[in-house]
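Chains, contacts and geometry: an overview
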Amino acid sequence: MQNALLIGLSRQMTLERQMDVIANNVANANTNGFKADHSLFEEYLNSNARQDNFIGRDRRISYVHDRGTFRDVGQGPMEATNNPLDMAINGSAYFAVQANGGELYTRDGKFSLNSTGQLVTASGNLVLGNAGPITFQPTDHDINVAPDGTVTVLEGTSRTDSIRGKIRMVSFDDPAKLTKLGGNLYGAGSANQQADTRSTLQQGYVEKSNVNAVGEMTRMVEVMRSYTAIASLLQQQSDLHKNAIDKLADVPA
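Heads up: these notes are all about the structure in this document. In this text the structure is predicted, and so the values were computed from the model without any measurement.

Here we look at the overall build of the protein chain
In terms of regular secondary structure, the protein chain is built from two helices and 19 strands. Counting over 253 residues, the protein chain shows a buried share of 36%. Taking all contacts inside the protein chain whose residues are at least 6 apart in sequence as the whole, residues at least 24 apart take part in 62%. In the form shown here, the protein chain has an accessible surface area of approximately 14,500 Å², with 51% of it arising from carbon and sulfur atoms.

Some remarks on the nonpolar core
Burial of nonpolar side chains together is a common tendency in soluble globular proteins. Counting residues in each nonpolar core, the largest one holds 16 residues, and the members touching the most others are Met87, Phe95, Leu119, Ile167 and Leu201. Put simply, the parts of the chain that give this core at least two residues each are strand 4 (87–90) and strand 12 (150–155). Residues contacting Met87, with those up to four places away along its chain left out, are Phe95, Gly109, Phe111, Leu119, Val145, Ile167, Leu201, Gln202, Tyr205 and Val206. Counting nine residues, the second-largest nonpolar core is a separate cluster that includes Val170, Leu178, Tyr186 and Ala191.

Concerning the pairing of strand 6 (residues 102–106)
Sheet topology note: the strand 5 (residues 94–99)/strand 6 ladder contains five bridges and is antiparallel. From the neighbouring strand, Ala96 faces strand 6, where its bridge partner is Tyr105. In textbook terms, the turn of a hairpin is the stretch between consecutive antiparallel strands, and for strand 5 and strand 6 this stretch comprises two residues, one of which, Asn100, has a positive phi near 55°.

Some points on the pattern of salt bridges
Pairs may arise between side chains of opposite charge once their charged atoms sit close together. Counting across every chain of the model gives ten salt bridges. Close ionic contact of Glu103 with Arg168 constitutes a salt bridge, the shortest N to O distance being 2.4 Å. Placement of Glu103 in strand 6 and of Arg168 in the loop between strand 13 (161–166) and strand 14 (169–172) is noted, with a sequence separation of 65 residues between them. Taking the relative accessible area as the measure of exposure, Glu103 reaches 30% and is therefore partly exposed. Residue Arg107 pairs with Glu207 through a salt bridge whose shortest N-O separation is 2.9 Å. In this pair, Arg107 sits in the loop between strand 6 and strand 7 (112–113) while Glu207 sits in strand 19 (residues 205–207), placing the two residues 100 residues apart along the sequence. With a relative accessible area of 3%, Arg107 lands in the buried category. You can call Glu207 buried: its relative accessible area is 0%.

Examining the sheet that holds strand 12
Strands sit in the order 11-12-13 across an open sheet of three strands; the sheet is antiparallel. Among the strands making up the open sheet, the edge pair consists of strand 11 (140–145) and strand 13. Here the strands of the sheet are splayed against their neighbours by 30° on average, with no regard to which way each runs. Where strand 11 meets strand 12, four bridges bridge the pair, whose relative direction is antiparallel. If you follow Val145 over to strand 12, its bridge partner there is Val151.

Some points on the environment of Tyr227
Relative to the assigned elements, Tyr227 resides in helix 2 (residues 213–250). With relative accessibility at 30%, the residue Tyr227 sits in the partly exposed group. For the pair Tyr227 and Glu16, spaced 211 residues apart in the sequence, the C-alpha separation amounts to 8.4 Å. Ignoring sequence-local partners within four residues, the contact set of Tyr227 consists of Gln12, Leu15 and Glu16. Only 3.3 Å separates the side chain of Tyr227 from the side chain of Glu16, close enough to count as a polar contact.

Describing the layout of surface pockets
Counted as a void, the largest pocket has a volume near 170 Å³. Taken together, Asn130, Asp148, Lys166, Ile167, Arg168, Met169, Val170, Ala195, Asp196, Thr197 and Ser199 form the lining of the largest pocket. Classifying every residue of the lining of the largest pocket gives four nonpolar, three polar and four charged.

Cut-off values and rules
Residues numbered from 1 in each chain as written. Predicted model: local features only at pLDDT ≥ 70, side-chain atom pairs only at ≥ 80, totals over all residues. Heavy atoms only, no water. Helix = DSSP H or I, 4+ residues; strand = E, 2+ residues; numbered from the N terminus. Buried < 20%, exposed > 50% of the residue type's maximum accessible area, 1.4 Å probe, protein only. Contact = heavy atoms within 4.5 Å. Areas by Shrake-Rupley, 256 points an atom, 1.4 Å probe, with all protein chains shown as cover. Core = buried A, V, L, I, M, F, W, Y, C linked by side-chain atoms within 4.5 Å. Pairing = 2+ DSSP bridges. Salt bridge = Lys/Arg side-chain N within 4 Å of Asp/Glu carboxyl O. Axes fitted to C-alpha atoms, helices over the stretch in contact; angles between N-to-C directions. Polar contact = N/O pair within 3.5 Å; in protein donor to acceptor, adjacent residues only side chain to side chain. 1 Å grid on protein atoms, 1.4 Å probe; cavity = no way out; pocket = protein on both sides within 12 Å on 5 of 7 lines; lining within 4 Å. Points joined across faces, edges and corners; volume = space filled by probe spheres on them. Nonpolar A, V, L, I, M, F, W, Y, C, P; charged D, E, K, R; others polar.

Structure (structure tokens):
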């Protein structure tokens, strides 16, 4: 009887973790470049608790083990903004930005200019090019970003394109190993990075979150129902345990 309680509790603990992951996905359904997380579970067998009348496979107690989460690194939908500073990556690359005293990475291409003419993210982090931050002059206009990331402008009354740098795009051997640091930023973690030559930039667009809001809400309802069903089962087991003790108390000594 205690085994049933322990199994139920192990499942409830994993359901709570799964609800946290789903809630975080739903909260970031409109976050540019956000990548959804999903829970990963496995069966954990424990043979410590047993009775002599249970033999072989019947002695194994099967718990639910919260193994961790995995990230869906699939491409999110593109949304047109008509802002020449906005950029979306077609491919698996990441923008390199200068943040927290080092180089971090993001898929959020909602960019703007700071007071000194440098290209920055929505959080104010410098967007890095192949030769450092991308910096514009006060007289620059008609900004153009080529698919390979080359940034050109027309300066003043000139009709000749001037190059302001090339957006640095970085890819990783295993993007799932990137570490989420908050603020839509990633650290390299244990993943190996390299310059990306296959991905392309799309100017005037931003990549939206790849979260399937309807699917996540459906999973949220399923988790709530499962949690309620297990709570009911645990209550029934507790009542059985209580009744058994009451009956044993009535047995004559």
